[in-house]
Amino acid sequence: VGDSSAGMITTGAGSLAQNSGTITIGTGSQGMLVTDGVTAGNLAGGVITGTGVKTIGIYAKNTTGTITNAGNIALTGDSSIGIYTEGTNVKTINNSGTLTMGDSTNPSNPSIGIYSNNAGDTITNTGTLTSGINSIGIYSAGGLVNQNNIMNVGDTGVGVYITDGTVTTGASSV
């Protein structure tokens, strides 16, 4: 997929997106974009990759269901986001696969593994999440974060950044 594009787009009530193939995205692009739908899933065996700046692996806007990565999302470009969710519907975001985020040149505009700006969302990492220099593993505004497996954080980065919410960690965490 070229620059400023999307690998797959679904929109409307009842819509969902599932990837079990390979999506390679360019600068400013999204691998999967779901708007006003139910779910988005990068399934086991699914791969979303990109080296351009400001890429997003899975972008879920106003969804009502679960957002899942059970495959591999690897975005090495500056200021990229593995899973980005927004909207007022409470949702669950699960990573049981591998999320790899590259370095960020500006710590004020970091790459982020999983991003949620909705109070009440639940983020669970039971996979492997790696974030580069000046990057953030998981960001949540007012949600619940369960960090239960491997998280590798680059220099001057942050593992879990949460505002007005709760974070729990398991035995093999950050």
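Below you will find a few notes about this structure.

Definitions and cut-offs
- Residues numbered from 1 in each chain as written.
- Predicted model: local features only at pLDDT ≥ 70, side-chain atom pairs only at ≥ 80, totals over all residues.
- Heavy atoms only, no water.
- Helix = DSSP H or I, 4+ residues; strand = E, 2+ residues; numbered from the N terminus.
- Rg over C-alpha atoms; globule rule 2.2 N^0.38 Å.
- Buried < 20%, exposed > 50% of the residue type's maximum accessible area, 1.4 Å probe, protein only.
- Areas by Shrake-Rupley, 256 points an atom, 1.4 Å probe, with all protein chains shown as cover.
- Polar contact = N/O pair within 3.5 Å; in protein donor to acceptor, adjacent residues only side chain to side chain.
- Contact = heavy atoms within 4.5 Å.
- Core = buried A, V, L, I, M, F, W, Y, C linked by side-chain atoms within 4.5 Å.
- Pairing = 2+ DSSP bridges.
- Axes fitted to C-alpha atoms, helices over the stretch in contact; angles between N-to-C directions.
- Salt bridge = Lys/Arg side-chain N within 4 Å of Asp/Glu carboxyl O.

**What to know about the overall build of the chain**
- Broken down by element type, the chain carries zero helices and 20 strands.
- Taking 2.2 N^0.38 as the reference for a compact globule, 174 residues should give roughly 16 Å; the C-alpha atoms of the chain span a radius of gyration of 14 Å, in line with that estimate.
- Viewed in the frame of its principal axes, the chain has a C-alpha envelope of about 35 × 30 × 30 Å.
- Out of the 174 residues in the chain, the part that is buried amounts to 49%.
- Carbon and sulfur atoms make up 50% of the accessible area of the chain, which amounts to about 6800 Å² in all.

**Thoughts on unusual backbone geometry**
- With a phi close to 55°, Lys 54 is a non-glycine residue in the positive phi region.
- Summarising the element assignment, Lys 54 is placed in the loop between strand 6 (47-50) and strand 7 (56-61).
- Among the residues examined, Lys 54 registers a relative accessible area of 51% and is labelled exposed.

**Overview of the side chain of Asn 42**
- Here Asn 42 is to be found in strand 5 (residues 39-42).
- Given the relative accessible area of 0%, Asn 42 is considered buried.
- A distance of 2.9 Å separates a polar atom in the side chain of Asn 42 from a polar atom in the side chain of Asn 69.
- Look past the residues within four positions of Asn 42 in its chain and what remains in contact with it is Asn 19, Met 32, Val 47, Ile 48, Ile 58, Thr 68, Asn 69, Ala 70, Gly 71, Asn 72 and Ile 73.

**Brief notes about the nonpolar core**
- Judged by nonpolar contacts, the single largest core of 22 residues is most densely connected at Ile 58, Ile 83 and Ile 114.
- For Ile 58, the residues in contact, after removing those within four places along its chain, are Met 32, Ala 40, Asn 42, Ile 48, Ile 67, Thr 68, Ile 73, Gly 82, Ile 83 and Tyr 84.
- Ranked by size, the runner-up nonpolar core spans ten residues in total, among them Ile 56, Tyr 59, Ile 81 and Ile 112.

**A closer look at the sheet that holds strand 6**
- If you trace the six strands from one edge of the open sheet to the other, you get 3-6-9-12-15-18, paired in parallel fashion. Every other strand in the sheet has two partners, leaving strand 3 (22-25) and strand 18 (150-153) as the edge strands with one partner each. Adjacent strand axes in the sheet meet at a mean angle of 5°, parallel and antiparallel pairs treated alike.
- The pairing of strand 9 (residues 72-75) with strand 12 (residues 98-101) spans four bridges and is parallel. In the sheet register, Ile 73 faces strand 12, and the bridge partner there is Leu 99.

**What to know about the pattern of salt bridges**
- Taken as a whole and judged by the stated rule, the model has one salt bridge.
- For Lys 91, the salt bridge goes to Asp 121, with nearest N and O atoms at 3.2 Å. With Lys 91 in the loop between strand 10 (81-86) and strand 11 (92-95) and Asp 121 in the loop between strand 13 (112-116) and strand 14 (122-125), this residue pair connects regions lying 30 residues apart in the sequence.

**Considerations on the environment of Ala 17**
- By the secondary structure assignment, Ala 17 is in strand 2 (residues 16-19).
- Those residues in contact with Ala 17 that lie beyond four places of it in its chain are Met 8, Thr 10, Met 32, Val 34, Thr 39, Ala 40 and Gly 41.

**Points about the pairing of strand 5**
- Here strand 2 runs beside strand 5; their pairing, made up of four bridges, is parallel. Residue pairing across strands places Leu 16 opposite Thr 39, the latter belonging to strand 5.
- Direction of pairing for strand 5 relative to strand 8 (residues 66-69): parallel, over a ladder of three bridges. Within the sheet, the bridge partner assigned to Asn 42 lies in strand 8 and is Asn 69.

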